[in-house]
Structures are given as structure tokens and as C-alpha cells.
Amino acid sequence: MTVDHAPPDMSAISNDHPPFALEPVAPSAATRSWRHAVPRWLRRVVGPLLVLLLWQVLSATGVLHRDILASPGTIATAAGELISDGTLGTAMAISLQRVAVGLLFGAVAGVSLALASGLSRLGEDLVDPVVQMLRTVPWVGLIPLLIIWLGIGEAPKVALIALGVAFHLYLNVYAGIRGVDEQLVEAGQSLGLGRWGLIRHVVLPGALPGAMTGLRYSLATAWLALVFGESINADAGIGFLMNQARDFLRTDVIVVCLVVYAFLGLIADAVVRTLERLLLQWRPTFTGR
């Protein structure tokens, strides 16, 4: 016995009435996640506040001895004393000056080398091998040589910061230049742009995101280099305060200095983020959901 399987009559299905109609469904208020109801700034401070609360409880109950780590209340009192007598402000000004000078020298060196290496194959052959070799040397290990070459004053501290900054900027700017889409370069050539016109209007804007990333890494490295630099025969600055506090077992002052380092780093990162929003408005990015 045979069974005929006749195909469905497709003529009955019109474009106006599709067989599977999809209707948009609007999410109800009950299905919204709790994170949409709580402000983002409040979500971001919950974690640090819980850590501070646990820290204070452990210190108050004696589980965490004050010689090991001072309590948040003691640290706040020490910070108030350092601010009121002007010690912390003076130290911050000196440390900021060192970072600014080192960042300037390192940025000029790193960007110049990246431009020479990224824009020219001859420059790449001459510059890139040397830079790649030098960047594998731990720059902290150069401290003894810097002291011998530059003495124990401000010069070795600034040079240490400049070294850390230069390598990060070189790598990111070089990668940004070489990551520019070749089709954009061809489009610029078809519009009549010469070599310098391509560099100015196509290559450098295309490398700008990499440069901003390199600047953020460089600022983080600058503060790290400052910590090492100010531990070498420093007579002023935040690192000098930390060394004095270490000699007198003042863990509260040490934590205050570490918090200052952290906040200065956060402020520097916020400045770079602001520059990114201003200079990279043309680049759409994913901001999370």
C-alpha cells in the first residue's frame, strides 16, 4: 500500500500573513534586574566599604594587631595630622613634579622612536631591534647603574620613570601605526594625499587609540617607578615619608602614603579617560550591558 504525501499548498501562504509571525514582547518591570534599580556609583562603593568595615572589626577585636596593620580609624587620624601640618601636601608636590618630568622625557623618547620605527622600514630595522632588546632588561635592575652615572639626586629618579614610560609608549604607538587599515591608506592616496598628508590625516589618527592605551600603561608604570626611585636616598616626597615610617614602625603612615599613591594613579587614569573621550569621539566602542 502506498501513501501519497502531497506537498502543502504554498499558495495559501501570502506575504501579508507569514506562517510564523513574531510579536515583540516588552519586558515587564518585574523582570528588570536589581542592578538597574541601584545606582552604579553605589554598587561600586559597596565592596570597598565592606572591606573597611571588616578591617575595622578585626582591628577592634584584636585579631589584627596594630603593629602589623593599623586600623582605618588610626590611619584616618594620621592622614589628618599629615595634612594639617603640611607634610603630606609638600611630599605630594615633590612626587608629582618627579612624575611629570619623567613622563615628559619618556613620552618624547618613546613616541619619537615609535614614529621613526613605525613610519619607515629602514627606521624599523635600525630602531626596533635595539628597543626590543633593551625593554627585556628589568628597568628596576638599572638603579645601581643610574646611581653611578647620575648620582643620588633627582636625575636617577626621573630617569627611572622616563625609562618605564618610554617602553610602554613605544610599543603601543608602534602597534597603533602598523595597525592602521591599508584600505584607508589607499583611499587617502586615491584622494591625492602625499606621504606627509597620509601620515597627518590617516596614520596618526588611526594610531591615536593605541597611543592613549600606551599613555594609561605609562602612567601606571610611572607611579611604580616613582616608588622604587623614592626609596633610593630620597630626602623628600611620598617615598621618603614611607621610609621614615618604616624605621619607626608607623604602619598607619605607610598606609596613608600607599593610599595617596593609589589616588594619584586613579586621578591620572581619569585624566587619560577624559582625553580619550575628547579625542576619540569618532570611534564607537562597546560600553557594556
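> Just to check I follow, could you spell out the overall build of the chain for this structure?
Secondary structure summary: the chain contains 11 helices and 0 strands in total. Looking at the chain as a whole, 32% of its 289 residues qualify as buried. When contacts within the chain are restricted to residue pairs at least 6 apart in sequence, those whose partners lie at least 24 apart make up 72%. Carbon and sulfur atoms provide 66% of the accessible area of the chain, an area that totals close to 19,200 Å².

> When you look at the nonpolar core in this model, what are you seeing that I'm missing?
Within soluble globular proteins, side chains that are nonpolar tend to cluster in buried spots. Ranked by size, the top nonpolar core spans 55 residues in total, and within it Ile161, Trp223, Ile238 and Val256 carry the most contacts. Among the elements of the structure, helix 3 (72–84), helix 4 (87–118), helix 5 (121–135), helix 6 (143–150), helix 7 (154–178), helix 9 (195–229), helix 10 (238–247) and helix 11 (251–279) are those that each provide at least two residues to this core. The element that contributes the greatest number of residues to this core is helix 9, accounting for 12 residues. Sequence-distant contacts of tryptophan 223, that is, excluding residues within four places in its chain, are made with Leu96, Val99, Tyr261, Leu264, Gly265 and Ala268.

> Can you walk me through the pattern of salt bridges in this structure?
One side chain can pair with another of opposite charge once the charged atoms of both are near each other. Evaluated as defined, the whole model comprises 7 salt bridges. Where glutamate 230 meets arginine 98, a salt bridge forms, and the shortest distance between an N and an O atom there is 2.7 Å. In this pair, glutamate 230 is assigned in the loop between helix 9 and helix 10 and arginine 98 in helix 4, connecting sequence segments 132 residues apart. As a salt-bridge pair, arginine 216 and aspartate 269 come within 3.0 Å of each other at their nearest N and O atoms. Of this pair, arginine 216 sits in helix 9 while aspartate 269 sits in helix 11, and the two are 53 residues apart along the sequence.

> In this structure, what is going on with helix 2 (residues 40–60)? I would like to understand it.
Given 3.6 residues per helical turn, the α-helix brings residues three or four places apart onto the same face. Given a rise of 1.5 Å per residue, 21 residues ought to cover 30 Å, and the 31 Å separating the end C-alpha atoms of helix 2 matches this to within 8%. Of all the bends in helix 2, the greatest, near 30°, is centred on valine 46, and the proline proline 48 appears no more than four residues after it. Phi for glycine 62, located one or two positions after helix 2, is positive at around 85°.

> Hey, could you run me through the side chain of serine 71 in this one?
Of note, serine 71 is situated in the loop between helix 2 and helix 3. A polar atom in the side chain of serine 71 sits 3.0 Å from the side chain of threonine 74. Ignoring sequence-local partners within four residues, the contact set of serine 71 consists of Trp55, Gln56 and Ser59.

> So what exactly am I meant to see when it comes to the environment of serine 59 here?
Tracing the chain through its elements places serine 59 in helix 2. When its relative accessible area of 17% is taken as the criterion, serine 59 is described as buried. Spatially, the C-alpha atom of serine 59 lies 7.4 Å from that of alanine 70, the residues being 11 residues apart in sequence. Those residues in contact with serine 59 that lie beyond four places of it in its chain are Leu64, Leu69, Ser71 and Pro72.

> Would you explain the confidence of the model for the chain in this entry?
Low pLDDT means the predicted coordinates in that region are not meant to be read closely. Considering every residue of the chain, the mean pLDDT works out to 80; 85% of them sit at 70 or more. The spread of mean pLDDT over the elements of the chain runs between helix 1 (residues 34–37), the lowest at 62, and helix 4, the highest at 91.

> For this particular structure, what's the right way to read empty space enclosed by the protein?
Empty space left among the atoms is revealed by rolling a probe the size of a water molecule over them. Scanning the model with the defined rule gives 1 cavity of 30 Å³ or more in all. Ile143, Leu146, Pro156, Lys157, Leu160, Gly229 and Ile232 are the residues that line the largest cavity. Among the secondary structure elements, those contributing two or more residues to the lining of the largest cavity are helix 6 and helix 7. It is helix 7 that provides the largest number of residues to the lining of the largest cavity, a total of 3 residues. Counted by class, the lining of the largest cavity contains 5 nonpolar, 1 polar and 1 charged residues.

> Would you explain helix 5 in this entry?
Given a rise of 1.5 Å per residue, 15 residues ought to cover 21 Å, and the 20 Å separating the end C-alpha atoms of helix 5 matches this to within 8%. Where helix 5 bends most, the angle comes to about 35°, and this point is valine 127, followed within four residues by the proline proline 129. Every buried residue of helix 5 is listed here: Gly123, Val127, Asp128 and Val131. Next to the buried residues of helix 5 lie helix 4 and helix 7. Where helix 5 begins, the capping side chain belongs to serine 120, and its oxygen is found 3.2 Å from the backbone nitrogen of leucine 122.

> Any chance you could explain the packing of helix 4 against helix 9 here in plain terms?
If you want to describe how two helices pack, look at the angle between their axes and the distance between the axes. For the pair helix 4 and helix 9, the least separation of the axes is 10 Å and the interaxial angle reads 140°. Crossing of helix 4 over helix 9 shows right-handed handedness. Contact residues: Ser95, Leu96, Arg98, Val99, Leu103 and Leu115 in helix 4; Leu204, Leu215, Leu219, Ala222, Trp223 and Leu226 in helix 9. Looking at the contact of helix 4 with helix 9 residue by residue, the classes come out as 10 nonpolar, 1 polar and 1 charged.

Cut-offs applied
Residues numbered from 1 in each chain as written. Predicted model: local features only at pLDDT ≥ 70, side-chain atom pairs only at ≥ 80, totals over all residues. Heavy atoms only, no water. Helix = DSSP H or I, 4+ residues; strand = E, 2+ residues; numbered from the N terminus. Buried < 20%, exposed > 50% of the residue type's maximum accessible area, 1.4 Å probe, protein only. Contact = heavy atoms within 4.5 Å. Areas by Shrake-Rupley, 256 points an atom, 1.4 Å probe, with all protein chains shown as cover. Core = buried A, V, L, I, M, F, W, Y, C linked by side-chain atoms within 4.5 Å. Salt bridge = Lys/Arg side-chain N within 4 Å of Asp/Glu carboxyl O. Expected span 1.5 Å × (residues − 1). Bend = angle between axes of the 7 residues up to and from the residue. Polar contact = N/O pair within 3.5 Å; in protein donor to acceptor, adjacent residues only side chain to side chain. pLDDT = per-residue confidence, 0-100. 1 Å grid on protein atoms, 1.4 Å probe; cavity = no way out; pocket = protein on both sides within 12 Å on 5 of 7 lines; lining within 4 Å. Points joined across faces, edges and corners; volume = space filled by probe spheres on them. Nonpolar A, V, L, I, M, F, W, Y, C, P; charged D, E, K, R; others polar. Axes fitted to C-alpha atoms, helices over the stretch in contact; angles between N-to-C directions. Left-handed = near helix turned anticlockwise from the far one by under 90°.

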